[in-house]
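# Structural characterization, general
The residues making up each chain are set out below.
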Amino acid sequence: MTRLDFSCRLRWSDGFQLDATFAAGDGVTALVGPSGSGKTTVLHLIAGLLQPDEGRIALDDRTLTHTARRVFVPPHRRRVGMVFQDYLLFPHLSVRENLRYGQRRRAPQGREFDHVVELLELGELLGRRPGSLSGGEKQRTALGRALLSGPDLLLLDEPVSAVDDRLKDRILGLFERVIREYQLPTLFVSHNPQDVQRLADRVIAFEAGKAKSLPDATTSPTSHSKLESGL
Amino acid sequence: MQHWFLTPDEWRAIALSLQAAVFAVAITLPLGVVVGRLLARGKFLGKSLIETAINLPLVLPPVVTGYLLLVVLGRQGWLGRPLNDWLGVRFVFDFRGVVLASAVAAFPLMVRAIRLAFAGVDRRLEQAARTLGAGPVDAFFTVSLPLAWRGVLAGCVLAFARSLGEFGATIVIAGNIPNETQTIPLYIYGLLESPGGLQQAWRVATVSILLAAAALTVSEYLERTRGE
């Protein structure tokens, strides 16, 4: 059992304010809501790429951020993997070197290179540079790179928003396989109800910087979540 | 045909210039990378003040730059005196003075190119590296610097060329001592002061033009092929 506790306040200079509290656990948690509602900000806060004005983020018994106690674990020590919306593959490195980047630094146990390459069908791409990859190929490489860094928690920022419908089905299928196989607690930002229905065990809705757990209506049949109370 | 070939004196002036330029670039490069990156990414108090200070040698009369260096690092200067007394390091009438003057004159050009290079690298790539377990220094050396290297190199080449041309600050702090502080511009200046010098100066002047043109070509090429 993994449990993520999130409670943060953050005010931007343009007046937008995030003030959200929620809990998530094993399985896939979807963060849904209109763009600008704070979903991506939440991922950045969890990954340690942003600091809240006030708040606390904990993954099981590890406190990642706690402003009152002046705790802030830097991103490279969080073991939180992130797949960015536009992938952010390193353009000067081959696919192989991209995949090895995190693996080399975190030396995870049991999550082997060859297995991930096979699982995500990356074998043909290893020698290529990201610049020559299609959207779907970049997507798979970015997921593989995050997986190989041995994360305790996986963050996906609109993972399929940039690929066309035909490819989307295949990529969502791959995501499902990976998440189930690695039993990785996953937070997944989306604004597409169908994607959410397919992947998510529970849903947290964002509206103008506030979080709210939704009743189980949209969750998949494999759901094993108890509804976390949001606010 | 002796007329066409460089004399030993001329060779010495050219060699001295190249040496001074190499040293000047080598010494300023680490600082140039740090400052260039800071200016490209950082938001901090006094940023525009630092920018002005760095760019000042671009527009200041070089003689004034030399004067300021003399005030600070001269034998009676507030930094020059302890350096001389305790470490025996002196800049006045010394090859070190040539390197120093070249470095100060070339620094703004170097920083400008390096800053542009880092500004052209998506900073989120470093964030991605951080989530993959790389510390800030690690992410800088494995992601940002390799992506900015062309601009960094272009900055070095420009700084090198500027160093070769340094005259005003050099003559103030290092003087014009053949074989010790007499670089190409100072050598030509010396020739022009003696009778018949105008006819003799053309060989070194040609070398100077060729070096400058080569440096410009290389830096232009590096800038043009950036991101390829």
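Reading the values: rules and limits
Residues numbered from 1 in each chain as written. Chains lettered and ligands numbered in written order. Predicted model: local features only at pLDDT ≥ 70, side-chain atom pairs only at ≥ 80, totals over all residues. Heavy atoms only, no water. Phe/Tyr/Trp six-rings, centres within 6.5 Å; stacked < 30°, edge-to-face > 60°. Helix = DSSP H or I, 4+ residues; strand = E, 2+ residues; numbered from the N terminus. pLDDT = per-residue confidence, 0-100. Contact = heavy atoms within 4.5 Å. Buried area = accessible area lost by both parts, 1.4 Å probe. Salt bridge = Lys/Arg side-chain N within 4 Å of Asp/Glu carboxyl O.

## Thoughts on the packing of aromatic side chains
Here the structure, examined in full by the defined rule, presents 7 aromatic pairs over all chains. Ring geometry for F90(A) versus Y101(A): centroids 4.7 Å apart, planes at 50 degrees, classification tilted. Pair noted here: F90(A) is in the loop between β7 (80-83) and α2 (95-106) and Y101(A) is in helix α2, with a separation of 11 residues, a long-range link. Relative to F95(B), the ring of F23(B) lies with its centre 6.1 Å away and its plane at 75 degrees, an arrangement referred to as edge-to-face. Separated by 72 residues along the polypeptide, F23(B) in helix α1 (residues 8-41) and F95(B) in helix α5 (residues 95-119) bring together distant segments of the chain.

## Considerations on the confidence of the model for chain B
Of the residues in chain B, 98% have a pLDDT of 70 or more, and the chain-wide mean is 91. Per-element confidence in chain B ranges from a low mean pLDDT of 84 for helix α10 (residues 197-200) of chain B to a high of 95 for helix α6 (residues 123-131) of chain B.

## Let's talk about the interface of chain A and chain B
Each partner contributes to the interface: chain A provides 22 residues, whereas chain B provides 19 residues. Around 1,700 Å² of area is buried between chain A and chain B when both sides are counted, 65% of it from carbon and sulfur atoms. The largest contributions to the chain A side of the interface with chain B come from H76(A), H92(A) and Y101(A), which together make up 30% of the buried area. Between the two partners, chain A and chain B, sit 2 salt bridges.

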